[in-house]
Every structure is written in C-alpha cells, then in structure tokens.
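For reference, the chains in residue letters:
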Amino acid sequence: ADAQPCRRESAEQYKPGRIWSGFARSSLALMIAVLTLLALLVPSAAADDVVVFEPGIACAGFALQSESNLDVDMSQQISNPRGTVTHSVTVQAGEYTLTNLSTGESITEYLDGAVFHDRLFSDGTSRATLTGEFIVVLFPTDTPPGPSTRLYNGRMDYVTDAEGNWTVLSFRGTSVDLCAALAD
C-alpha cells in the first residue's frame, strides 16, 4: 500500500490564535466548573469580621478599622495525588466598611464579587490572581511598599514570599485610594 502524506484540513487550524482560542475556552469551562463546585459544596454565611490596623500599616497617619459582612464567602482547596494542597480558590462578595479611627470618618462599599486564585508552592511561597472588585492593603514590607489601602476593579497578579510579603506583578483596571478618601 502506498503511504499517504499527512494532510491538513486547512491552514486555519494551525494558526496560533486558533490554538489559544481553544485553550481559552477550555480554561473558561474549567473555571466555571470549579466555581459551580464551590457554590454547591462550600457555601457559608460569614459573620462580621473586624480588623484594626495601627497607624502606618494600612494608611499613613491614622489607624484603620476594616469591617466585613460577606454575603458570599466560599473557598476550595485543590490537592495533588499525594495530598499536598497546590491551589486555593476563594470567591467573596459583600459589604466592607473602612473607618479612620482618628476622625470617625467611614466609607462603606458593597463589592459585587472577587475571585482569588492562589497557586501554593512547597517552600511557602505562592502566586496569585485576583479578579473582580476587591480591597487590597499593602504593608510597608510589600512591593510596592505601603501603607496603602485601595479599592480595585480589574485583575491583579502577585506573588508572596514565605513570610507573607506581597510583590505585585501587574494590575489592569481601575483603583481608588481609600486612605486619601478617609483622610479628607
């Protein structure tokens, strides 16, 4: 029998954009499956959570109180076959109130939702992506260094070292300086 040469149906199926498009669709399908699993398996009503940051930690010049009342707070850890947790996915939405403890000025924001996806490494470091609406407090030990408390809407990629210090790698979207808003 004569050997038949391998034929392509069309050159279109080998263009990089087409390959990426298929990858993007499968990634989206995986994300939807994980979020559906989270919604079915781990729903919980979160109680109020209050954290007080001393002056110079979250905002320069004043102590900041953060109070959250989450409508949605779901988390799922994913392990490898050896039982080691390698990924963590958290979905949150709800009300946050930030208060300047020097003046009593406060801001309340309802955040429609954020997804936190962390890839955890055995040395205690991680690489994470935040998407949606979220508030981030950067401390003086982070990169870029705080104190900074901002409301973000978009996507942020960052890494953490074994001590929990953040290095922000990138951000796309919009942000509001909440410390500046509370200082007025």
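Residues numbered from 1 in each chain as written. Predicted model: local features only at pLDDT ≥ 70, side-chain atom pairs only at ≥ 80, totals over all residues. Heavy atoms only, no water.

A few points about the overall build of the chain
If you tally the helices and strands in the chain, you get two helices and seven strands. Put simply, the chain runs from its N terminus to its C terminus through helices and strands in the order α-β-β-β-β-β-β-β-α. Within the chain, buried positions represent 30% of all 184 residues. Across the chain, contacts joining residues at least 24 apart in sequence account for 46% of those joining residues at least 6 apart. When the accessible surface of the chain is summed, it comes to about 11300 Å², and 55% of that surface belongs to carbon and sulfur atoms. (Helix = DSSP H or I, 4+ residues; strand = E, 2+ residues; numbered from the N terminus. Buried < 20%, exposed > 50% of the residue type's maximum accessible area, 1.4 Å probe, protein only. Contact = heavy atoms within 4.5 Å. Areas by Shrake-Rupley, 256 points an atom, 1.4 Å probe, with all protein chains shown as cover.)

Here's the deal with the state of the cysteines
What the rule picks out here adds up to one disulfide. Note on cysteine connectivity: Cys 59 is disulfide-linked to Cys 179, with sulfurs 1.9 Å apart. Judged by the sign of its S-S torsion, about -80°, the cystine formed by Cys 59 and Cys 179 is left-handed. In this pair, Cys 59 is assigned in the loop between strand S1 (49-53) and strand S2 (64-79) and Cys 179 in helix H2 (residues 178-183), connecting sequence segments 120 residues apart. (Disulfide = S-S within 2.5 Å.)

Some points on a nonpolar patch on the surface
A contiguous nonpolar patch, built from Val 50, Val 52 and Leu 101 and spanning about 240 Å² of accessible area, is present on the exposed surface. Within the secondary structure, Leu 101 sits in the loop between strand S3 (85-100) and strand S4 (106-120). (Patch = residues over 30% accessible without salt bridge, like charges linked within 9 Å, V, L, I, M, F, W, Y side chains within 5 Å. Salt bridge = Lys/Arg side-chain N within 4 Å of Asp/Glu carboxyl O.)

Re the sheet that holds S1
If you trace the seven strands from one edge of the open sheet to the other, you get S1-S2-S3-S4-S5-S6-S7, paired in antiparallel fashion. Sheet topology places S1 and strand S7 (166-177) at the edges, where each strand pairs with a single neighbour. Adjacent strand axes in the sheet meet at a mean angle of 20°, parallel and antiparallel pairs treated alike. As paired elements, S2 and S3 share 15 bridges and run antiparallel to each other. Considered in S3, the bridge of Ser 79 is made with Val 85. (Pairing = 2+ DSSP bridges. Axes fitted to C-alpha atoms, helices over the stretch in contact; angles between N-to-C directions.)

Here we look at the nonpolar core
If you look at soluble globular proteins, the nonpolar side chains tend to sit buried side by side. Among the nonpolar cores identified, the biggest contains 15 residues, and Phe 62, Leu 64 and Leu 182 are the most heavily contacted of them. Among the secondary structure elements, those contributing two or more residues to this core are S2, S3, S4 and H2. Counting residues per element, this core draws most heavily on H2, which supplies three residues. Ignoring any residue separated from it by four or fewer positions in sequence, one finds Leu 182 in contact with Phe 62, Leu 64, Leu 98, Asn 100, Thr 103, Glu 105, Ser 106 and Ile 107. Judged by nonpolar contacts, the second largest core, of eleven residues, contains Ala 114, Leu 130, Phe 134 and Trp 166. (Core = buried A, V, L, I, M, F, W, Y, C linked by side-chain atoms within 4.5 Å.)

Considering the pattern of salt bridges
Taken as a whole, this structure holds two salt bridges when the rule is applied. Asp 177 is paired through a salt bridge with Arg 150; the nearest N and O atoms lie 3.8 Å apart. Residue Asp 177 is located in strand S7, and its partner Arg 150 is located in strand S6 (residues 148-160); the two are separated by 27 residues in the primary sequence. Classification of Asp 177 as partly exposed rests on a relative accessible area of 31%. Between Arg 155 and Asp 157 there is a salt bridge, and its shortest N-O distance comes to 3.1 Å. By relative accessible area, which is 8% here, Asp 157 ends up buried.

Examining the pairing of S4
For S3 and S4, the ladder comprises twelve bridges, and the chain directions are antiparallel. Within S4, the position partnered with Thr 90 by the bridge is Phe 116. Here S3 folds back onto S4, and the loop between the two strands holds five residues, one of which, Gly 104, carries a positive phi near 85°. Where S4 and strand S5 (residues 126-138) come together, seven bridges link them in antiparallel fashion.

Considerations on the confidence of the model for the chain
Confidence in the prediction of the chain, expressed as mean pLDDT, is 80, and 74% of residues score 70 or more. Put simply, helix H1 (residues 16-41) is where the chain has its lowest mean pLDDT, 38, and S7 is where it has its highest, 97. Here residues 1-47 scores under 50 on pLDDT; set against residues more than four positions off or in separate chains, the count is 25 contacts. (pLDDT = per-residue confidence, 0-100.)

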